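Residues per chain are reported as follows:
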Amino acid sequence: GINAEYMGRHQHRMIRITKPTRPDKAHRMGYKTKQGYVVWRVRVRRAGRKRPVARGICYGKPKSAGVNHLKKKKKKKKKK
């Protein structure tokens, strides 16, 4: 069969499923197997900040042309 990782990538970002994939954790979070409870599987982007530019086109020098691997800037002011 097709594995779950492949299905997760090729289905929609949000998909309603009939039962939780991890029942033990779902019960710990308050899920009950009864009418009225619905479960959704949601794909979450795991990355830093992506530059909001159209079609990935950044104008200017190559140094500032990055789109994906942006990190949060560290503050120069020292904490007390």
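Please refer to the structure placed before this passage.
Enquirer: Hey, could you run me through the overall build of the protein in this one?
Expert: In terms of regular secondary structure, the protein is built from two helices and two strands. Element order for the protein, N to C, with α for helix and β for strand: α-β-α-β. Against the 2.2 N^0.38 benchmark of 12 Å for 80 residues, the protein shows a C-alpha radius of gyration of 20 Å, more extended than a compact globule. For the protein, buried positions account for 10% of its 80 residues. On the protein, roughly 8,700 Å² of surface is accessible, and the fraction owed to carbon and sulfur atoms is 55%.

Enquirer: Would you mind going over the packing of aromatic side chains with me for this structure?
Expert: The geometry of an aromatic ring pair is captured by the separation of the ring centres together with the interplanar angle, meaning the angle of the planes. Taken as a whole and judged by the stated rule, the model has one aromatic pair. Ring centres of Tyr 31 and Tyr 37 lie 5.8 Å apart, and the angle between their planes is 85 degrees; on these two criteria the pair is classed as edge-to-face. We classify Tyr 31 as buried; its relative accessible area is 15%.

Criteria and thresholds
Residues numbered from 1 in each chain as written. Predicted model: local features only at pLDDT ≥ 70, side-chain atom pairs only at ≥ 80, totals over all residues. Heavy atoms only, no water. Helix = DSSP H or I, 4+ residues; strand = E, 2+ residues; numbered from the N terminus. Rg over C-alpha atoms; globule rule 2.2 N^0.38 Å. Buried < 20%, exposed > 50% of the residue type's maximum accessible area, 1.4 Å probe, protein only. Areas by Shrake-Rupley, 256 points an atom, 1.4 Å probe, with all protein chains shown as cover. Phe/Tyr/Trp six-rings, centres within 6.5 Å; stacked < 30°, edge-to-face > 60°.

These results come straight from atomic positions and should not be treated as a statement about function.
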